[in-house]
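# Topology and contacts: notes
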Protein chains: 4
Amino acid sequence: MFSPRSDLAIEAAAIFNKSESDIKNIEGIEYKTEKHDNYTLTRVKVLNSKGEEAIGKKIGTYITVECPKIRENYDEASEEVSRVLSDELKKLMNLEKISTVLAVGLGNWNVTPDALGPKVVSKLAVTRHLFQYIPDKIPGEIQPLCAISPGVLGITGIETGEIVKGICDKVKPDLIIAIDALASRKIERISTSIQISDTGITPGSGIGNKRRGLDMEYLGAKVIAIGVPTVVDAATVANDTIEILCENIKKSKDLSKDIGKALEITDNELRYPLIKEVLNPFVGDLIVTPKEVDEIIDDVSKIIANGINMAVHNGTSNLCNA
Amino acid sequence: MFSPRSDLAIEAAAIFNKSESDIKNIEGIEYKTEKHDNYTLTRVKVLNSKGEEAIGKKIGTYITVECPKIRENYDEASEEVSRVLSDELKKLMNLEKISTVLAVGLGNWNVTPDALGPKVVSKLAVTRHLFQYIPDKIPGEIQPLCAISPGVLGITGIETGEIVKGICDKVKPDLIIAIDALASRKIERISTSIQISDTGITPGSGIGNKRRGLDMEYLGAKVIAIGVPTVVDAATVANDTIEILCENIKKSKDLSKDIGKALEITDNELRYPLIKEVLNPFVGDLIVTPKEVDEIIDDVSKIIANGINMAVHNGTSNLCNA
Amino acid sequence: MFSPRSDLAIEAAAIFNKSESDIKNIEGIEYKTEKHDNYTLTRVKVLNSKGEEAIGKKIGTYITVECPKIRENYDEASEEVSRVLSDELKKLMNLEKISTVLAVGLGNWNVTPDALGPKVVSKLAVTRHLFQYIPDKIPGEIQPLCAISPGVLGITGIETGEIVKGICDKVKPDLIIAIDALASRKIERISTSIQISDTGITPGSGIGNKRRGLDMEYLGAKVIAIGVPTVVDAATVANDTIEILCENIKKSKDLSKDIGKALEITDNELRYPLIKEVLNPFVGDLIVTPKEVDEIIDDVSKIIANGINMAVHNGTSNLCNA
Amino acid sequence: MFSPRSDLAIEAAAIFNKSESDIKNIEGIEYKTEKHDNYTLTRVKVLNSKGEEAIGKKIGTYITVECPKIRENYDEASEEVSRVLSDELKKLMNLEKISTVLAVGLGNWNVTPDALGPKVVSKLAVTRHLFQYIPDKIPGEIQPLCAISPGVLGITGIETGEIVKGICDKVKPDLIIAIDALASRKIERISTSIQISDTGITPGSGIGNKRRGLDMEYLGAKVIAIGVPTVVDAATVANDTIEILCENIKKSKDLSKDIGKALEITDNELRYPLIKEVLNPFVGDLIVTPKEVDEIIDDVSKIIANGINMAVHNGTSNLCNA
């Protein structure tokens, strides 16, 4: 059956478009929303295996910052979102002095909407080497940060997990921050929502590959994942349109029961083959994306890089050359 | 009403998905298809104002080369398509010795799917200056070719037409070749179809702006336009999916007349607001595009540049540094 | 004879390395230096044809801002230099309300040290089209600014002057600002000095080509040129090294007159063939450049774009999306 | 004392500008030159510790292909040089079926003349993952090739050696090919010479850092290094110019002994401070490079990638998408 693709906890089927009170009744899940002037913070906690089953996400915390203003007025919103991101990161990281942090920029730098991770990494204030070469000249707030963009399987011929694991074995970081582009169900979340979680990440998981996850168990250090939706897949857009169509027809009071039956069929059996019929001739992934995705990725990667720089270096960004 | 966006003559409503015999009956239109092993050539001629009305395109010739193999096996297909393109161009250009050709790469180089024109221009074997500086050393087949990418209004603050007209007034070309990215209705045409026409082009016309067209009347020289679909707009994908849904329901024989009526409504009045509901929260253009659009644009721009180089320089590409 | 290549008025042979009092004696020249904490401002005025002959520059004003701190501490220096640049520009431009300004980014975007002009242009707050499309929504301080990067002859096959003239004939700007990368004699000036002049500019003049200059006479509007040294040519470095060597030997008191004679020869006749012997095997331009020239060009183009944006839009950079 | 910087074995002081018969007398060195129509092949073998001392290079084989035609006529020369490179690589690699090869692109992708390694890697036909995912569909000649560009210390905060070692521990390659940009003493070698050696490589060794070398001992597999000169450092150019000057003065017969004495001083003590005086105001590396270095690096990286692809995949480049 057709299952809309999404990497966001707040878009899990059990939560998506549900009222807060409905979500409260899901066992094993804690759900809390804070509305601020310019942004909304949603915290989803998966408490146990029942919660895991309910929303299909691993035990842990998933925080989403939603700020539509990023797109309408980047200059005003960007600083605030970086600060919120930094605050939430600090709480999740809970770093002691001196902790080595390894940032990992996942994704393919040759594919614009997938290049978010590598772009963020290119803007980080990398400092780990200074602790070795000029230890006396490092301000007290600075932490040793190193960063790598491991590429993707088609570029390197090596599983991303193998590369990251190999480097972790040498660097022995106390914490890993992995940044990746996500798929969302909702077009308005593209570049305006940021999800932070403490449960690790599976590179390319959105595409359906089964791969080794980047998590504490495999890498030997806590893995915080930061993700931003940069695409909606085309099948999801088609599906959502039809869903709304069917609902509208059903609501129409002057229709007989026959139609109800007909649409029942439509819902369950017809929809996916139809979507396939429209989209399938194309070999490969089809995505829906704003035309200006190149610029959008640039903008949001600055926000995230600033957030990480502030969180890791305790507000000092003097060494940043972003 | 919703009108699917397309820049291809073969996707005009009167032609799209129609049988060849149906199209034959349209007054003022000539339509011919040649099937070859690896590609299909379709020639649409708009003969008079009746034809203009019928398909909404100006009097002139529209040739479309369709070659799905470009995407499946670029290395094998690219050379053949360049050659076909070159042959068709030569016939349309009908150049005398020595004719100055100005190539114009339309579109925004900062937006990947819109960067086709500037990418093609960057791969052309520009030679006009050699006729001035080293006239004795130019092989006989070479023609004076010059090339410019005028950018877009948001980048320059100047209408594209003004820039091109200003340069034409100085260069006085005998022929202009304008290259642009197009929108198609069908996803499988992305990067696999090339349309050539001798009727000029209106930059950004696909987006609905009313702007001065680049044509013989304005620029004082024949304008051949080469276009390749690089996107399908998201509303078109949603619309086509619903259309197929409605048709399938209608075909279902065990439904009462009520449903027929309901779907009639759907067709005519409901569809566009529904699509708006799904897609609209986003400010700006939403496009459906293959994920690898960066690579696809690179590939197809080489094919077109080679085709132009061969057509203009009579098969000599020694000076090409593409 | 070997003549060190430089595009800076303050490096003209009659002025270079001379004391201020010596320069005061040159007829037809006014020369004034202001030292500030972080930068030095030098104004050279060429008053008449005697001045033109003396330093080989056209009648007009040449202002140079020198700020070595740009390289040592970009974050601190950049804002101040942008402001100084903006102040000097305002005085030279002397714009009335509402004046259309055309910025022209000279140089080859494919060659890093030559890409300064196009990079600056890509960071300008272009507004001319807004006066046509949304005239009511434009803040009062904003002026109509448009911008173009015409490329170079080898890329377009068209003389830069022809392109700019053609566009000027359409746009009819009240003022033109041309930005270009320069050659300097002194390595420490690379990216740390900015020259502003009101005498126009000849694209590619540094390389020795005789081309139509971009000036009031040709374009019909005042042309302000902004230039930044991004390279020193390799022959100049070699020449300067030898010059210092020869001077040091001459100063050596225990040498006989024979040596003096020998070095005299060296000065005048031997030097240039020697430099040719070392550098010549290479076809084309050889430049001396800092290894990090890519980053340096990025940095200084931001400073200049900000300076122009502030000067043209009277301090309002809200519309800037640099 | 000033020591001209070079990474080429054939430019070691004991060999540079010496006649073949002089070099034959150096103990511990074998030296052989083959002249072909379009290129010259020079093989330097360092046989023992005496040879190591004599030319300052580790025991092993150093092969240099010199082909000035690469710059004059890239299209004609490139294929032949790729083939020569492939043949020499095959002999050095001596691969058995099936051997995993790891290509490592050393250098900084943000600095044009240092980006050679990453550029080559981006053009390789990576296949190792296919052996895992579609083992039945791989033609017999194809070998498992994987590839990585580890970045530089300032970008990652991690020593290049640590990253490569970590990945080797996971991938366990049978052979490593490391590609790097080199410094040469002679300008005409920029992009026209390729050195291949079987002795490993020390990243950034040209700049004088003492770092862990990438060699068999550290990585557990044979390391073949491929290097191309992309810069000459500015001090070397200045030094060579002065050297020629001094020699010419000495040859001048009508000079007294005093001058001889003076120039003796010049040679030994004065030269380096003089060069410092001219070049030093600049913080950081100064390089001499052709202005078109961006294009040159593109060209030569294609030659090397093709050479590696052919050597590793036994002439089959069907899978290449360079």
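My aim in this report is to walk through the structure given alongside it, one point at a time.

Cut-off values and rules
- Residue indices begin from 1 for each chain and proceed along its sequence in written order.
- The lettering of chains begins at A and the numbering of ligands begins at 1, in the order of writing.
- In keeping with the model being predicted, local features are shown solely for residues with a pLDDT of at least 70 and side-chain atom pairs are shown and tallied solely at 80 or more, while totals for entire chains, interfaces and linings include all residues.
- Side-chain metrics in this entry use all non-hydrogen atoms of the structure; hydrogen atoms and water are not considered.
- Residues below a pLDDT of 70 in either copy are left out; the C-alpha atoms of the rest, at least 70 in both, set the least-squares superposition of the copies.
- We call two residues in contact whenever any of their non-hydrogen atoms come within 4.5 Å of each other.
- The helix count covers DSSP runs of H or I at least four residues long, the strand count covers runs of E at least two residues long, and both are numbered beginning at the N terminus.
- For a helix, the expected span equals 1.5 Å multiplied by the residue count minus one.
- Burial here depends on accessible area, computed with a 1.4 Å probe over protein chains only, as a share of the maximum for the residue type. Under 20% is buried, over 50% is exposed, and the range in between is partly exposed.
- In this description, a line fitted to the C-alpha atoms serves as the axis of each element, helices being fitted only across the stretch in contact, and the angle between N-to-C directions of two axes falls anywhere from 0 to 180 degrees.
- Here is the rule for angles: anything less than 35 degrees is roughly parallel, anything more than 145 is roughly antiparallel, 65 through 115 is roughly perpendicular, and the remaining ranges are oblique.
- For any pair of crossing helices, the crossing counts as left-handed if the nearer helix is rotated counterclockwise from the farther one by less than a right angle, and right-handed if it is rotated clockwise.
- Under the scheme applied, nonpolar residues are Ala, Val, Leu, Ile, Met, Phe, Trp, Tyr, Cys and Pro; charged residues are Asp, Glu, Lys and Arg; polar residues are all the others, including Gly.
- What counts as buried area is the accessible surface, traced by a 1.4 Å probe, that two parts surrender upon association, with contributions from both included.
- Just to be clear on terms, a salt bridge is a Lys or Arg side-chain nitrogen sitting within 4 Å of an Asp or Glu carboxyl oxygen.
- For this analysis, a polar contact is any N or O atom pair within 3.5 Å, provided that within protein one partner can donate a hydrogen and the other can accept it, and provided that sequence-adjacent residues contribute only side-chain to side-chain pairs.
- Strands were regarded as paired on the criterion that DSSP finds at least two bridges between them.

Here we take up the relation of the copies chain C and chain B. Rotating chain C by 180 degrees and translating it 0.0 Å along the rotation axis places it on chain B, where the RMSD comes to 0.0 Å. On this basis, the relationship between the two copies can be described by a two-fold rotation axis. Taking C-alpha positions as the reference, the residue of chain C nearest the rotation axis is C:G166, at 2.0 Å. In this assembly, 100% of the residues forming the interface of chain C have copies in chain B that are likewise at the interface, indicating an isologous arrangement.

All names here are of chain C. In this model helix α8 (residues 160-171) runs 16 Å from its N-terminal to its C-terminal C-alpha over twelve residues, within 8% of the 16 Å that 1.5 Å per residue would give. Of all twelve residues in α8, ten are buried; the element is thus mostly enclosed. Taken together, the buried positions of α8 are occupied by T160, G161, E162, I163, V164, K165, G166, I167, C168 and V171. Positive phi shows up at K172, right after α8, with a value of about 50 degrees.

The angle between the axes and the distance between the axes are what describe a pair of packed helices. All names here are of chain C. Between helix α4 (residues 74-93) and helix α12 (residues 293-312), whose axes approach to 8 Å, the crossing angle comes to 40 degrees. With respect to α12, the element α4 is oriented oblique. Our pair here, α4 against α12, has a crossing hand that is right-handed. Residues Y74, S78, V81, S82, R83, L85, S86, L89, K90 and M93 of α4 lie in contact with α12, whose contacting residues are D299, K302, I303, I304, N306, G307, I308, M310, A311 and V312. Taken together, the residues that form the contact of α4 with α12 break down as eleven nonpolar, five polar and four charged.

On to the interface of chain C and chain B, then. At the interface, 25 residues of chain C touch 25 residues of chain B. Buried surface at the junction of chain C and chain B, summed over both partners, amounts to about 2,000 Å²; 58% is from carbon and sulfur atoms. In this assembly, chain C and chain B are joined by four salt bridges. The closest approach of N and O atoms between C:K170 and B:D169, which form a salt bridge, is 3.8 Å. Where chain C packs against chain B, one counts eight residue pairs in polar contact (both at pLDDT 80 or more). Breaking the side of chain C that touches chain B down by element, the ones donating at least two residues are α6 (128-133), β5 (145-148), α7 (153-156) and α8 of chain C. Examining the composition of the side of chain C that touches chain B, we find that eight residues originate from one element, α8(C), more than from any other. Taken together, the residues of the side of chain C that touches chain B sort by class into twelve nonpolar, six polar and seven charged.

With that settled, the discussion passes to unusual backbone geometry. Of note, the amide linkage connecting B:K97 to B:I98 takes the cis form, showing an omega dihedral of -15 degrees. Position of B:I98 among the secondary structure elements: in the loop between α4 (74-93) and β4 (101-105). Even without being glycine, D:S191 reaches a positive phi, approximately 70 degrees. As for its position among the elements, D:S191 is in the loop between β6 (175-183) and β7 (193-197). Taking relative accessible area as the criterion, D:S191 reaches 5% and is therefore assigned buried.

Turning to the pattern of salt bridges, a few remarks are in order. By the definition in use, this model includes 56 salt bridges over all chains. Note that A:K69 is salt-bridged to A:E76, the shortest N-O span being 3.0 Å. On the basis of relative accessibility, which here comes to 21%, the residue A:K69 falls in the partly exposed class. The class for A:E76 is exposed, based on a relative accessible area of 52%. The salt bridge partner of D:R43 is D:E34, with a shortest N-O separation of 3.1 Å.

What follows concerns the pairing of β4(B). All names here are of chain B. In terms of residue burial, β4 counts as a mostly covered element, since five of its five residues are buried. Burial along β4 is two-sided: V101, A103 and G105 facing one way and L102 and V104 facing the other are all buried. When β4 meets strand β5 (residues 145-148), the two strands line up parallel, connected through four bridges. Looking at β5, one finds that V104 is bridged to I148.

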